[in-house]
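Descriptive analysis of the structure
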Amino acid sequence: MPEPMPDERIAKIKAHLAYADEDGRTMGDIYARELLAEVERLRQEAANLNATIALVGSSLKVVGEHTETITAQRDQLMTLVRDLADPDECWFDHHGGCQAHGYLNLGPGELCPHAEAKELLATIDKTKAPGT
Ligand SMILES: [Zn+2]
């Protein structure tokens, strides 16, 4: 990345152009004007990028706060589900209903909610990073 043009140098170029305007346009004057315009464009671009970076930073902060809230709620729900899920295994009647937990009308392939809750908790426990 090139060094930014020092303000002192820009001021010298502007002073030259103010003087040069009285004498007409040389190639050097035209180049100097283009250079100043490019510097101004790049400064504006940098200002826009800085504004974008600030916006992204504040958005990330909001996302982080929401993530903390959602994580706390997830942990609270997991604790509740862990307490509510019956540790006893399901046992099924000949119609496929879970007699242990009273879910007698389970469809083919449908899990008893107690079994499903325990499976989900096990999956989350396995994938949950420590401290999250
Ligand atoms: Zn069951």
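Remember, predicted model here, so these are calculated numbers, not experimental data.

What follows deals with the overall build of the protein chain. Helix and strand counts for the protein chain stand at three helices and zero strands. Taken from N to C terminus, the helices and strands of the protein chain fall in the order α-α-α. For the protein chain, the spread of C-alpha atoms along the three principal axes comes to 105 × 30 × 20 Å. In the protein chain, which comprises 132 residues, the share counted as buried stands at 2%. Nonlocal contacts in the protein chain, meaning residues at least 24 apart in sequence, comprise 29% of its contacts between residues at least 6 apart.

In this section: the domain arrangement of the protein chain. Taken domain by domain, the protein chain comprises domain 1 (1-65) and domain 2 (85-132). Computed over C-alpha atoms, the centres of domain 1 and domain 2 are 64 Å apart.

This part covers the packing of helix α2 (residues 27-84) against helix α3 (residues 113-127). Put simply, α2 and α3 touch, their axes get as near as 10 Å, and they point 140° apart. Regarding the angle of α2 to α3, the classification is oblique. Crossing handedness for the pair α2 and α3: left-handed. Counted together, Met 78, Val 81 and Arg 82 of α2 and Ala 117, Leu 121 and Ile 124 of α3 form the full contact between these two elements. Along the lines of polarity and charge, the residues of the contact of α2 with α3 split into five nonpolar, no polar and one charged.

Take the confidence of the model for the protein chain next. Across the protein chain, the average pLDDT comes to 89, with 92% of residues at 70 or higher. The lowest-confidence element of the protein chain is helix α1 (residues 7-23), averaging 80 in pLDDT; the highest-confidence one is α2, averaging 94.

Definitions and cut-offs
Residues numbered from 1 in each chain as written. Predicted model: local features only at pLDDT ≥ 70, side-chain atom pairs only at ≥ 80, totals over all residues. Helix = DSSP H or I, 4+ residues; strand = E, 2+ residues; numbered from the N terminus. Buried ≥ 20, exposed ≤ 12 C-beta atoms within 10 Å, placed from the backbone. Contact = placed C-beta atoms within 7 Å. Domains from an automatic or database assignment. Axes fitted to C-alpha atoms, helices over the stretch in contact; angles between N-to-C directions. Parallel < 35°, antiparallel > 145°, perpendicular 65-115°, else oblique. Left-handed = near helix turned anticlockwise from the far one by under 90°. Nonpolar A, V, L, I, M, F, W, Y, C, P; charged D, E, K, R; others polar. pLDDT = per-residue confidence, 0-100.

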